[in-house]
Amino acid sequence: MSGESSGDGLADELVSACRTSIGDTLRSITLFTVEDYDQLYIREDLEQDAELDRFVANERLGFTSQQTYGDSELGEYEFTIRAFEYGYVTRVIVGDRGVYVTTDEIHMDEFEELATAARGVLREERT
């Protein structure tokens with residue numbers, strides 16, 4: 001895991017925003033940059049010492065994807081959803097920071113609410 005901790009204020013804001021948008025279906029939150037990451041939250045009933053390096057490495061590919069899709073007719077990148085048998089991963093990237101959030105099953109409109117909340121916190125932090 002990261003040796004460098006993100007600011008407690010950012011961590012608290014992201015956890016609060018995500019919990020407010022999707023409640024108890026929130027499983028975990030990991031903040032990442034190109035060089036570093038920090039798991040900000042993990043629900044009590046989940047494995048507390050899961051190996052995150054490979055997940056983070058995969059989500060970092062989103063920095064390249066942003067450049068790839070940057071000037072497309074699709075508009076600005078908002079978020080990515082990955083579906084799994086027991087839940088979902090939602091990735092949001094703003095500038096040089098990203099966050100991926102794992103959840104239990106949720107409805108499609110809740111993904112947008114979750115991504116909007118996380119993106120808002122990351123944008124505020126940049127200013």
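Up top you'll find the structure we're talking about.
Presented here is a report on the structure given in the accompanying data block.

Calculation rules
Sequence order sets the numbering: in each chain, residues are counted from 1 along the sequence as written. Only residues with pLDDT of at least 70 are given local features in this predicted model, and only at 80 or more are side-chain atom pairs given and counted; all residues enter the totals for whole chains, interfaces and linings. To get the side-chain values, take all heavy atoms of the structure and skip hydrogens and water. Put simply, buried Ala, Val, Leu, Ile, Met, Phe, Trp, Tyr and Cys residues joined by side-chain atoms within 4.5 Å make one nonpolar core. Relative accessibility under 20% of the residue-type maximum defines a buried residue, over 50% an exposed one, and the middle range a partly exposed one, all with a 1.4 Å probe and only protein chains included. Every helix listed is a DSSP run of H or I at least four residues long, and every strand listed is a run of E at least two residues long, numbered separately from the N terminus. The contact criterion used is simple: two residues touch if any of their non-hydrogen atoms lie within 4.5 Å. Only C-alpha atoms enter the line fits that serve as axes; for helices the fit covers just the stretch in contact. Angles between N-to-C directions range over 0 to 180 degrees. Here is the rule for angles: anything less than 35 degrees is roughly parallel, anything more than 145 is roughly antiparallel, 65 through 115 is roughly perpendicular, and the remaining ranges are oblique. Two helices crossing with the near one rotated counterclockwise from the far one by less than a right angle form a left-handed crossing, whereas a clockwise rotation gives a right-handed crossing. In this classification, the charged set is Asp, Glu, Lys and Arg, the nonpolar set is Ala, Val, Leu, Ile, Met, Phe, Trp, Tyr, Cys and Pro, and all remaining amino acids, among them Gly, are polar. Paired strands are those between which DSSP finds at least two bridges.

### Describing the nonpolar core
Burial of nonpolar side chains together is a common tendency in soluble globular proteins. Leu14, Ile29 and Val99 are the most contacted members of the largest nonpolar core, which totals 24 residues. Contributions of two or more residues to this core are made by α1 (8-22), β1 (26-32), β2 (37-42), β4 (87-94), β5 (97-103) and α3 (108-126). With seven residues, α1 is the largest single contributor of residues to this core. With sequence-adjacent residues up to four places away left out, Leu14 is seen in contact with Ile29, Leu31, Leu40, Val99, Ala118, Val121 and Leu122.

### A closer look at the packing of α1 against α3
Remark: α1 packs on α3, axes separated minimally by 9 Å, with the N-to-C direction vectors making an angle of 160 degrees. With respect to each other, α1 and α3 are oriented roughly antiparallel. In this structure, α1 meets α3 at a crossing whose hand is right-handed. Seen from α1, the contacting residues are Leu10, Glu13, Leu14, Ala17, Cys18, Ser21 and Ile22; seen from α3, they are Glu110, Glu113, Leu114, Ala117, Ala118, Val121, Leu122, Glu124 and Glu125. Of the residues that constitute the contact of α1 with α3, the class distribution is 10 nonpolar, one polar and five charged.

### Regarding the sheet that holds strand β3 (residues 80-84)
Each strand in a sheet pairs with another by means of backbone hydrogen bonds, the pair being arranged parallel or else antiparallel. Taking strand neighbours across the sheet as the criterion, the five strands line up as β2-β1-β5-β4-β3 in an open arrangement whose pairing is antiparallel. Single-partner strands in this sheet number two, and they are β2 and β3. When strand polarity is set aside, the average angle formed by the axes of neighbouring strands in this sheet is 15 degrees. Bridging between β1 and β5 involves six bridges; their strand directions are antiparallel. Its bridge partner lying in β5, Leu26 is registered against Thr103. Of the strands in this sheet, β1, β3, β4 and β5 touch α3, which is tilted by about 30 degrees from β4.

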